[in-house]
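# Residue-level structure breakdown
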Amino acid sequence: MQHVQTARKFMQIGGASAFLAVLLGAFGAHALRGRLSAEMLAIYQTGIQYHLVHALALLFVGLTLERRPANALVVRAGWLLAGGILFFSGSLYIFALTGVRALGALAPIGGLCFLIGWLLFVVGLSRESA
């Protein structure tokens, strides 16, 4: 039962995250165009792109866990992908909106979360029961 709840949790996080990515993307396209420089708008859009891709990845994590519920590596991958959205995309949003460069230092942490998360996902899928 715990495994079903974990799978559902990742699907809920993925769905909510996709909703937020679309909302923030629309905000960027309509409210920020003309208010941000082209460079800052491109940074914001990069955050949106990675956010949406990894929101969908969280849905895949949930679906995978429904089929392979005891896969601890896939669970870890899901949490790392979620953390990557927070650190990578979140820092790019804040940097683009505020111009505070120190916040951009969080992006590599998020990128590392994405990389390790994808690696664990692939390794977890290659094992029958991890």
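Scroll up to find the structure.
Below or above, wherever it landed, is the structure these notes cover. (Residues numbered from 1 in each chain as written. Predicted model: local features only at pLDDT ≥ 70, side-chain atom pairs only at ≥ 80, totals over all residues. Heavy atoms only, no water.)

### Some remarks on the overall build of the chain
The helix and strand inventory of the chain stands at four helices and zero strands. Sequence-ordered secondary structure for the chain, helices as α and strands as β, is α-α-α-α. C-alpha extents for the chain along the principal axes are approximately 50 × 25 × 20 Å. For the chain, the residues scored as buried account for 41% of the 130 residues in total. Considering only contacts within the chain whose residues lie at least 6 apart along the sequence, 79% involve residues at least 24 apart. Total accessible area computed for the chain in this model is approximately 7,300 Å², and 70% of it derives from carbon and sulfur atoms. (Helix = DSSP H or I, 4+ residues; strand = E, 2+ residues; numbered from the N terminus. Buried < 20%, exposed > 50% of the residue type's maximum accessible area, 1.4 Å probe, protein only. Contact = heavy atoms within 4.5 Å. Areas by Shrake-Rupley, 256 points an atom, 1.4 Å probe, with all protein chains shown as cover.)

### Structural notes on a nonpolar patch on the surface
Side chains of Val22, Leu52, Leu56, Phe60 and Leu63 sit close together on the surface and give an oily, nonpolar patch of about 450 Å² of accessible area. Considering each element in turn, the nonpolar patch owes the most residues, four residues, to helix 2 (residues 38-67). Within the fold, Leu56 resides in helix 2. (Patch = residues over 30% accessible without salt bridge, like charges linked within 9 Å, V, L, I, M, F, W, Y side chains within 5 Å. Salt bridge = Lys/Arg side-chain N within 4 Å of Asp/Glu carboxyl O.)

### Re the packing of helix 3 (residues 72-98) against helix 4 (residues 107-126)
Where helix 3 contacts helix 4, the axes come no closer than 7 Å and their chain directions differ by 160 degrees. It follows that helix 3 is roughly antiparallel to helix 4 by the angle criterion. The chirality of how helix 3 crosses helix 4 is left-handed. Residues that form the contact of helix 3 with helix 4 fall into these classes: 19 nonpolar, seven polar and one charged. (Axes fitted to C-alpha atoms, helices over the stretch in contact; angles between N-to-C directions. Parallel < 35°, antiparallel > 145°, perpendicular 65-115°, else oblique. Left-handed = near helix turned anticlockwise from the far one by under 90°. Nonpolar A, V, L, I, M, F, W, Y, C, P; charged D, E, K, R; others polar.)

### With respect to the nonpolar core
Membership of the largest hydrophobic core comes to 28 residues, with the highest contact counts inside it found for Met40, Ile43, Tyr44, Leu58, Val61, Leu65 and Leu81. Of all elements in the fold, only helix 1 (2-32), helix 2, helix 3 and helix 4 reach the threshold of two or more residues within this core. Those residues in contact with Met40 that lie beyond four places of it in its chain are Phe95, Ala96 and Gly99. (Core = buried A, V, L, I, M, F, W, Y, C linked by side-chain atoms within 4.5 Å.)

### Here's the deal with helix 3
Owing to its 3.6 residues per turn, the α-helix aligns residues three or four sequence positions apart on the same side. Compared with the 39 Å implied by 1.5 Å per residue over 27 residues, the 38 Å span of helix 3 between its first and last C-alpha is a close match. Gly99 sits one or two residues past helix 3 and shows a positive phi near 80 degrees. (Expected span 1.5 Å × (residues − 1).)

### Digging into the environment of Leu65
Topologically, Leu65 is positioned in helix 2. Under the relative-accessibility criterion, Leu65 is labelled buried at 2%. The sequence separation of Leu65 and Phe10 amounts to 55 residues, and the corresponding C-alpha distance is 8.9 Å. Among all residues touching Leu65, those that are not within four sequence positions of it are Thr6, Ala7, Phe10, Asn71, Val74 and Val75.

### Focus: the environment of Phe60
One can find Phe60 in helix 2. As for Phe60 and Val74, which are separated by 14 residues in sequence, their C-alpha atoms are 10.0 Å apart.

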